[in-house]
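Chain residues, written in single-letter form:
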Amino acid sequence: MNIEEYKLYIDNIIRRVEFARVRVSGHHIVKIVAISKYSTTEEIEALYKVGQRAFGENKVQDLKSKSNELEDLPLEWHFVGNLQKNKINNLLDINPDLFQSLDSIELANELQKKLHERDMTLDTLLQINSAKEESKHGVMPEVAIDIYRKIQKECPNISLRGVMSIGAHSEDKAVIKKSFELTHAIYKELGDASICSMGMSGDFELAIECGSNMIRLGSILFPK
Ligand SMILES: *Cc1c(COP(=O)(O)O)cnc(C)c1O
């Protein structure tokens, strides 16, 4: 694709997001985070040039190298991967705009310790395993609210902003929808959360229909 074709291609994705969000409400704003984990800095730059500002990575090392390499651009960086305890310091060195994948109280406690030592706070989402899949990280939906409240109480340097979830891995749209609805119900019940991050390349319209206000698009934004 040349730049003009790429622009039309991205405009079409944005149009799909627009249609989906307006069906919910004209006031329902949806933020697109471009997940660049399989993409080069050149590809990130191309997407920046057609207007994208928020990017996300799932490996601390990649987040570090790409954000460093692109530090002259006014980008916003998210971390969406599994964070190992021995990588917390590396993540905090980068100081991302949003850590979307806090997935246990143990990790929260470790993170709190390191944040306190550095006298910094971190905007964070609690990851919920709404589809209850073995292969996925995140807290179980039944205990999500209790854990969220516990982190709010015990980890003052973790600024919880809401929840993140990956839709059920299924061909059945009804099953995926159920997982999104469950995540959204938890988000609503929290009352003080502002971000409901769900929806990826294959299911973002359904996620928006279920109330998502942050979608994480990887493969669709970076066509190979
Ligand atoms: C890779 C990834 C995405 C994007 O996936 P696509 O299907 O390529 O859009 C979104 N969220 C997380 C947590 C990811 O790891």
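Residues numbered from 1 in each chain as written. Predicted model: local features only at pLDDT ≥ 70, side-chain atom pairs only at ≥ 80, totals over all residues. Heavy atoms only, no water.

## So, the side chain of D103
Then, number 1: Mapping D103 onto the fold places it in the loop between β4 (98–102) and α5 (105–118).
Then, number 2: There is no salt bridge for the buried D103, and the closest opposite charge comes from K85, which lies 8.5 Å off by N-O distance.
Then, number 3: Setting aside residues no more than four positions away along its own chain, D103 makes contact with N82, Q127, H137, G138 and V139. (Helix = DSSP H or I, 4+ residues; strand = E, 2+ residues; numbered from the N terminus. Buried < 20%, exposed > 50% of the residue type's maximum accessible area, 1.4 Å probe, protein only. Lys, Arg positive; Asp, Glu negative; His and termini not counted. Salt bridge = Lys/Arg side-chain N within 4 Å of Asp/Glu carboxyl O. Contact = heavy atoms within 4.5 Å.)

## A word on the nonpolar core
Then, number 1: Ranked by internal contacts, the top residues of the largest apolar core, which has 63 residues, are L47, F99, I151, I158 and L221.
Then, number 2: Excluding anything up to four places from it in sequence, I151 contacts L102, I105, A108, L126, I158 and L160.
Then, number 3: The next biggest cluster of nonpolar side chains, apart from the first, holds nine residues, and it includes A54, L125, I195 and M214. (Core = buried A, V, L, I, M, F, W, Y, C linked by side-chain atoms within 4.5 Å.)

## A closer look at the packing of helix α6 (residues 144–154) against helix α7 (residues 173–190)
Then, number 1: Packing of α6 against α7 leaves a shortest axis separation of 10 Å and a crossing angle of 40 degrees. If you check the angle between α6 and α7, you find them oblique. Considering only the axes of α6 and α7, their crossing is right-handed. Listed contacts from α7 to A144, I145, Y148 and R149 of α6 are I186, E189 and L190.
Then, number 2: Looking at the contact of α6 with α7 residue by residue, the class counts come to five nonpolar, no polar and two charged. (Axes fitted to C-alpha atoms, helices over the stretch in contact; angles between N-to-C directions. Parallel < 35°, antiparallel > 145°, perpendicular 65-115°, else oblique. Left-handed = near helix turned anticlockwise from the far one by under 90°. Nonpolar A, V, L, I, M, F, W, Y, C, P; charged D, E, K, R; others polar.)

## Some thoughts on α6
Spacing of three or four residues puts side chains on the same side of an α-helix, whose turn is 3.6 residues.
Then, number 1: Inspection of α6 places A144, I145, I147, Y148 and I151 among the buried residues, and these make up the whole buried set. The buried residues of α6 occupy an angular sector of 165 degrees when the element is viewed end-on, so they sit on one face. Pointing more than 90 degrees away from the buried face of α6 are the exposed residues D146 and K153.
Then, number 2: Among the structural elements, β4, α5, β5 (122–127), β6 (158–164) and α7 are those in contact with the buried residues of α6. (Arc of directions from axis to C-beta.)

## Some points on the packing of aromatic side chains
Then, number 1: Across all of its chains, the model carries two aromatic pairs by this definition.
Then, number 2: Consider the rings of F55 and W77, whose centres lie 5.9 Å apart with planes at 40 degrees: the pair is tilted. With F55 in strand β2 (residues 54–57) and W77 in strand β3 (residues 76–79), the pair connects residues that are 22 residues apart, well separated along the chain. Each member of the pair, F55 as well as W77, is classed as buried. (Phe/Tyr/Trp six-rings, centres within 6.5 Å; stacked < 30°, edge-to-face > 60°.)

## Quick word on the site of the ligand
Then, number 1: Surveying the vicinity of the ligand reveals the residues I35, K37, V80, M200, S201, R216, L217, G218 and S219.
Then, number 2: R216 is positioned such that a nitrogen or oxygen atom in its side chain is 2.8 Å from a nitrogen atom of the ligand.
Then, number 3: Take S219: an N or O atom from its main chain is 2.8 Å from an oxygen atom of the ligand.
Then, number 4: Tallied by class, residues from the shell around the ligand come to four nonpolar, three polar and two charged. (Near = heavy atom within 4 Å. Polar contact = N/O pair within 3.5 Å; in protein donor to acceptor, adjacent residues only side chain to side chain.)

## Observations concerning the pairing of β3
Then, number 1: As paired elements, β2 and β3 share four bridges and run parallel to each other. Across the sheet, the residue bridging to A54 is E76, located in β3.
Then, number 2: With helix α3 (residues 60–69) bridging β2 and the parallel β3, this β-α-β connection has right-handed handedness.
Then, number 3: Sheet topology places β3 next to β4; two bridges connect them, and they run parallel. (Pairing = 2+ DSSP bridges. Right-handed = clockwise from strand over helix to strand, strands pointing away.)

## Section: the pattern of salt bridges
For side chains of opposite charge, pairing can occur when their charged atoms come near one another.
Then, number 1: Across all of its chains, the model carries 14 salt bridges by this definition.
Then, number 2: The residue K224 makes a salt bridge to E43 at a minimum N-O spacing of 3.1 Å. Taken together, the positions of K224 in the segment after β8 (214–217) and E43 in helix α2 (residues 41–49) put the pair 181 residues apart, joining distant regions of the chain.
Then, number 3: Where R161 meets D123, a salt bridge forms, and the shortest distance between an N and an O atom there is 3.1 Å.

Geometric descriptors of this kind do not, in isolation, establish any biological role.
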